[in-house]
Amino acid sequence: MNTYIQKRLAKMQMTLDEMSGGYRRIVTGMKKLGFGGSLKAIWDDLFANRSLGAWIYLLVLGSFPLWLELFYEGRIVDWTGMICSLTGIICVIFVSEGRASNYLFGLINSIIYLVLALQKGFYGEVLTTLYFTIMQPIGLLVWIYQAQFKKEKQEFVELENILTDSYQIQVKYLRSGT
């Protein structure tokens, strides 16, 4: 039992060391880029490589909170709730596109929702949102570290091959009668 705990603690320490080393490399990389280069990298993550369809998708879904607020009351009553829902929608869209800037919108969304949940006394939501708020910077650090410094190649298996192989296995199984 003692060796198990020691192994787990050693693994956690190694992970923390890797993350702090990754943070130092990120800061060093940003220093090399300079302020203008860092702003350009952020700008590119927010706006580059987005097709017309992706822009329309983002604008239509992002406009829902505004339209719902205007339709319901005829004017914007709850700016805070509208901004919270808008940043949540943008965060989810950016996650689906694989953009690191999703963490910025997720952090804004989490902080606003945390304040709203505290005001209303939704303490279960407060605890959940507190976790998400704490994890946003950690997630960004891990995301950037994995993307920039490990450069591990991910292999994607085509669904068609899986289905074909699965079908062949099922046919063989049925033909053999077992």
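Reference entry: report on the structure contained in this document. (Residues numbered from 1 in each chain as written. Predicted model: local features only at pLDDT ≥ 70, side-chain atom pairs only at ≥ 80, totals over all residues. Heavy atoms only, no water.)

## Some details on the layout of surface pockets
- Size it by volume and the largest pocket reaches roughly 830 Å³.
- As for the largest pocket, its lining consists of 27 residues, and the residues nearest its centre are Met30, Ile42, Ala100, Leu140 and Ile144.
- Those elements that provide at least two residues to the lining of the largest pocket are α1 (2–47), α4 (102–120) and α5 (123–150).
- Among the elements that line the lining of the largest pocket, the one with the most residues is α1, at 12 residues.
- The class makeup of the residues in the lining of the largest pocket is 19 nonpolar, 6 polar and 2 charged. (1 Å grid on protein atoms, 1.4 Å probe; cavity = no way out; pocket = protein on both sides within 12 Å on 5 of 7 lines; lining within 4 Å. Points joined across faces, edges and corners; volume = space filled by probe spheres on them. Helix = DSSP H or I, 4+ residues; strand = E, 2+ residues; numbered from the N terminus. Nonpolar A, V, L, I, M, F, W, Y, C, P; charged D, E, K, R; others polar.)

## Quick notes on the pattern of salt bridges
- As enumerated under the stated definition, the model contains 3 salt bridges in all.
- Two residues, lysine 40 and aspartate 44, come together in a salt bridge whose shortest N-O distance is 2.8 Å. Within this pair, lysine 40 and its partner aspartate 44 are both found in helix α1, separated by 4 residues, close to a single helical turn.
- For aspartate 44, a relative accessible area of 30% translates into the label partly exposed.
- Across the salt bridge formed by glutamate 97 and arginine 99, the nearest N and O atoms sit 2.7 Å from each other.
- Residue class for glutamate 97 comes out partly exposed when judged on its relative accessible area of 29%.
- The exposure class assigned to arginine 99 is buried, which follows from its relative accessible area of 8%. (Salt bridge = Lys/Arg side-chain N within 4 Å of Asp/Glu carboxyl O. Buried < 20%, exposed > 50% of the residue type's maximum accessible area, 1.4 Å probe, protein only.)

## Some remarks on helix α3 (residues 79–97)
- For α3, with 19 residues, the first-to-last C-alpha span of 27 Å sits near the 27 Å given by 1.5 Å per residue.
- Residues of α3 that are buried include every one of Met82, Cys84, Thr87, Gly88, Ile90, Cys91, Ile93 and Phe94, and no others.
- Just beyond α3, the residue with positive phi is glycine 98, at close to 75°. (Expected span 1.5 Å × (residues − 1).)

## So, the packing of helix α2 (residues 52–73) against α3
- Axis separation between α2 and α3 bottoms out at 8 Å; the angle between their running directions is 155°. Classed by the angle they form, the pair α2 and α3 counts as roughly antiparallel. Judged by the sense of rotation from one axis to the other, the crossing of α2 with α3 is right-handed. Listed contacts from α3 to Ala54, Tyr57, Leu58, Leu61, Gly62, Pro65 and Leu66 of α2 are Met82, Ser85, Leu86, Ile89, Ile90, Ile93, Phe94 and Glu97. (Axes fitted to C-alpha atoms, helices over the stretch in contact; angles between N-to-C directions. Parallel < 35°, antiparallel > 145°, perpendicular 65-115°, else oblique. Left-handed = near helix turned anticlockwise from the far one by under 90°. Contact = heavy atoms within 4.5 Å.)

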